[in-house]
2 protein chains.
Amino acid sequence: MANGSKDPKQILTARDVAQLMGVSTSMISRAFNPDASISPAMRKRIIEASAALGYRPNVIARSLSTRSSKIVAIIVGTLENPFYAQVLEKLSRELQLAGYQSLLFNLAPGQDVDSQLPFLVQYNVDAVVIVSASISAGIANDWTRSGRKVILFNRTLPDASIPSVCCDNFTGAKLAVDHFVQTGRRRLAFAAGRRDTSTNAERELGFISRLAELGKPFAAKADNPHCSFQDGYNAALKLAADKPDAIFFANDVMALGGIEAIRKELGLTVPDDIAVIGFDDIPMAAWPTYSLTTIRQPLDAMVESAVDLVSDQSGADELKVVHPVQLVERASTKATSDEKVP
Amino acid sequence: MANGSKDPKQILTARDVAQLMGVSTSMISRAFNPDASISPAMRKRIIEASAALGYRPNVIARSLSTRSSKIVAIIVGTLENPFYAQVLEKLSRELQLAGYQSLLFNLAPGQDVDSQLPFLVQYNVDAVVIVSASISAGIANDWTRSGRKVILFNRTLPDASIPSVCCDNFTGAKLAVDHFVQTGRRRLAFAAGRRDTSTNAERELGFISRLAELGKPFAAKADNPHCSFQDGYNAALKLAADKPDAIFFANDVMALGGIEAIRKELGLTVPDDIAVIGFDDIPMAAWPTYSLTTIRQPLDAMVESAVDLVSDQSGADELKVVHPVQLVERASTKATSDEKVP
DNA sequence: CTGAAAGCGCTAACAG
DNA sequence: CTGTTAGCGCTTTCAG
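Chain A carries the name DNA-binding LacI/PurR family transcriptional regulator in an unreviewed UniProt entry, which gives Aminobacter aminovorans as its organism.

Here's what the structure looks like:
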């Protein structure tokens, strides 16, 4: 019972360590603060003692003082699209490496970012990264004005000066058209994603404008609310009415759904009857059954840019980073029958 | 320039609101605290004024006082398996609904939980949910003893008294065996996952013991370090040497890889030549190409249990929740040729 | 039911 | 370089 020395709260504070070492608490604070004036010897002593005692500065208390929490909020929608699961994983990992922790906010289907932001202010987050969701320009500007960082990932907002990192969707779509044309396709169709996202709008614009540049006809287009596998499946069926010999899907998940529909429902083959190109290059695109030609987003580079923006002290606004894309050719667009996907 | 009233820091504190309303800061604190003694009228007035002014209590400051942050840490490994992406999504969403925020910790491939835990203590997290990763009994006990909650999701730790939520892996595996046997399969093989996880060990045990109960022979078994698509692919090839007519994979992702190998590499069909069962019931299992029979984990119920454990005040330790599983029959085990997966 | 006062654990001037 | 003194914004006794 009578545990003589201390109450059993088990967890040390800076003052405990200070008393134990016979120094002031400021000293122990400084020891953990890279650019504080403290003698190397003292710092070493403190760090070592802390390690031995198992003391670690309380981040909560620290952020109350500094008004900077070293935590960044990541706002994501559903993770059912593996691409976003990858984004989240890499982003949070890289942020960790850069010394940040990630507070995860899941947007329920109907929810919009704007309504969630006020919530975040309570957490003193240093930045919020919005992955593939939209935010209204007004709110975004309010936030950046109040000294907080907002970074869009995979979206841009033309009329607001918030930093964003994207890939070159426009060029990506053009690459798809060119590849179709080079491999002899004539009737190109497009399975669009949600109309209200910059990403999809850019892909659609790239597709259509390139087709126009080449003087090629445009077979058909289908719109899709959710960008899901099922949407891709349905889109392929709808587009089939116009007899396309190639379909560009706004993302890989939709393309996989499309391939399923082409095979199972229409009884056609890919790529012989219909060639298919997707966008993202998710791991599944490489699976033999699909072997999907796609436009690869340079995810690592994009994540790196995002982390740079988060940790950037320069306060440079209006930073819109655009990464180049690359077409990855697989069987879903090859015409030679020995390589075709059955 | 001369913005008379206040400095432009934009963000209100309890004291600001208190002064504006001519009450004490304690009052505004109480207004936001459900079980504090305050007159309903006063509370109403304060809540309304706060809403109008855009004031929200600062969570950081609050958790410094209360030593409870209303944030829970979720520790996950890779999200490349869609099942875990789903877990993360649902878990964080439900926690949000229950008033918690999720701090996400990504374990790099080599990293173990033990080394990360000390890190978490800094954040005053109310609980940590460890998803599909292992933790040593010693550390786990230390944590629970120091008043913090640790909850294992999809793992158990027999020799430690930490709460966990799992599905009935053992029975699930038995169901798979029974289903194979009932549909006339004779040479059953098992593609195991990592040996060092309770989940996989239970599945393996269930499979083998049921086979023994039935007096059936055991065709073959392959071990796999990563439980990935590629692992499943390789496992199928290795197991093929023993000519099984049915393979049970430790999870769906592996099963999908196995199906690919069976079709593309071995030139056999599913289910005619080899029937396949997976585990988890990820969305892809239902895709027509795979139409994978699988053991469904009741994810919603499991997440609900986890949230209950997090918010449970009863302090009841030694809570190991096990949810029943269910076999979902699809084409990968049907023998009738009109339904077979070509 | 309400106000005053004393912290939570840390950082940030300010002296020495 | 080091110690002292105030807070960060909120909660929580303790009086009244």
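Novice: Quick rundown of the packing of helix 10 (residues 229-240) of chain B against helix 11 (residues 252-265) of chain B? Include the residues and the values.
Specialist: Residue and element names in this part refer to chain B. The N-to-C vectors of helix 10 and helix 11 enclose an angle of 50°; their axes lie 6 Å apart at closest approach. Taken together, the axes of helix 10 and helix 11 lie oblique to each other. The handedness of the crossing between helix 10 and helix 11 is right-handed. On helix 11, the residues touching Phe229, Gly232, Tyr233, Ala236 and Leu237 of helix 10 are Val253, Met254, Leu256, Gly257, Gly258, Glu260, Ala261, Ile262, Lys264 and Glu265. When grouped by side-chain class, the residues that make up the contact of helix 10 with helix 11 number nine nonpolar, three polar and three charged.

Novice: Explain the protein's contact with DNA strand D residue by residue, including any values.
Specialist: By nearness alone, 26 residues border DNA strand D, and Ser26 and Arg30 of chain A together with Ala14, Ser29 and Tyr55 of chain B come closest of all. Protein-proximal atoms of DNA strand D, defined as those within 4 Å of the protein, fall in sugar or phosphate at a share of 60%. Interatomic distance of 2.9 Å between a side-chain N/O atom of Ser26 of chain A and a base oxygen of DNA strand D. With respect to DNA strand D, the side chain of Ser65 of chain B contributes an N or O atom lying 2.9 Å from a base oxygen. Put simply, the parts of the chain that give the surface near DNA strand D at least two residues each are helix 2 (25-31) and helix 4 (59-66) of chain A together with helix 2 (25-31) and helix 4 (59-66) of chain B. With four residues, helix 4 of chain B is the largest single contributor of residues to the surface near DNA strand D.

Novice: Describe the UniProt feature "domain: HTH lacI-type" (unreviewed entry) in chain A, naming the residues involved and giving the relevant values.
Specialist: When the UniProt feature table is mapped onto this chain numbering, "domain: HTH lacI-type" (unreviewed entry) sits at residues 12-66 of chain A. Counting secondary structure, residues 12-66 of chain A comes out at 67% helix and 0% strand; the distance between its end C-alpha atoms is 21 Å.

Novice: Break down unusual backbone geometry for me, with residues and values.
Specialist: Residue and element names in this part refer to chain A. That bond from Val270 to Pro271 is cis: its omega, 5°, falls within 30 degrees of zero. Positionally, Pro271 belongs in the loop between helix 11 (252-265) and strand 9 (275-280). Its identity as a non-glycine residue notwithstanding, Asn154 has a phi of 70°, on the positive side. Relative to the helices and strands, Asn154 resides in the loop between strand 4 (149-153) and strand 5 (164-167). At Cys227, a position not held by glycine, the phi torsion is positive, near 60°.

Novice: Account for the protein's contact with DNA strand C, naming residues and giving values.
Specialist: Looking at DNA strand C, there are 25 residues lining it, with Ala14, Ser29, Tyr55 and Arg62 of chain A together with Arg30 of chain B nearest. If you look at DNA strand C and keep only atoms within 4 Å of the protein, 65% of those are sugar or phosphate atoms. Within the side chain of Ser65 of chain A, an N or O atom sits 2.8 Å from a base oxygen of DNA strand C. When residues of the surface near DNA strand C are traced back to their parent elements, those giving at least two are helix 2 and helix 4 of chain A together with helix 2 and helix 4 of chain B. At four residues, the largest contribution of residues to the surface near DNA strand C is made by helix 4 of chain A. Partitioning the surface near DNA strand C into residue classes produces nine nonpolar, 12 polar and four charged.

Novice: Any details on the side chain of Ser228 of chain A? Residues and values, ideally.
Specialist: Residues and elements named next belong to chain A. Within the secondary structure, Ser228 sits in the loop between strand 7 (218-222) and helix 10 (229-240). Look at Ser228 and you get buried, because its relative accessible area is 14%. Excluding its chain neighbours within four sequence positions, the residues that come into contact with Ser228 are Glu80, Val253 and Met254.

Novice: Residues and numbers for the relation of the copies chain B and chain A, please.
Specialist: You can overlay chain B on chain A at an RMSD of 0.1 Å; the transform is a turn of 180° with a shift of 0.0 Å along its axis. These values place the two chain copies in the arrangement generated by a two-fold rotation axis. Proximity to the rotation axis, assessed at the C-alpha, singles out Leu103 of chain B in chain B; its C-alpha lies 2.3 Å from the axis.

Novice: Tell me what's going on with helix 1 (residues 14-21) of chain A, and back it up with residues and numbers.
Specialist: Residue and element names in this part refer to chain A. Taken together, the buried positions of helix 1 are occupied by Asp16, Val17, Ala18 and Met21. Buried positions along helix 1 lie against helix 2 and helix 3 (40-53). Regarding helix 1, its N-cap is Thr13, as a side-chain oxygen of that residue lies 3.0 Å from the backbone nitrogen of Arg15 further along. After helix 1 finishes, the residue Gly22 shows a positive phi value of roughly 70°.

Parameters at a glance
Residues numbered from 1 in each chain as written. Chains lettered and ligands numbered in written order. Predicted model: local features only at pLDDT ≥ 70, side-chain atom pairs only at ≥ 80, totals over all residues. Heavy atoms only, no water. Axes fitted to C-alpha atoms, helices over the stretch in contact; angles between N-to-C directions. Helix = DSSP H or I, 4+ residues; strand = E, 2+ residues; numbered from the N terminus. Parallel < 35°, antiparallel > 145°, perpendicular 65-115°, else oblique. Left-handed = near helix turned anticlockwise from the far one by under 90°. Contact = heavy atoms within 4.5 Å. Nonpolar A, V, L, I, M, F, W, Y, C, P; charged D, E, K, R; others polar. Near = heavy atom within 4 Å. Polar contact = N/O pair within 3.5 Å; in protein donor to acceptor, adjacent residues only side chain to side chain. UniProt positions renumbered as here; feature names shortened; annotations may be inferred. Buried < 20%, exposed > 50% of the residue type's maximum accessible area, 1.4 Å probe, protein only. Least-squares fit on C-alpha atoms with pLDDT ≥ 70 in both.

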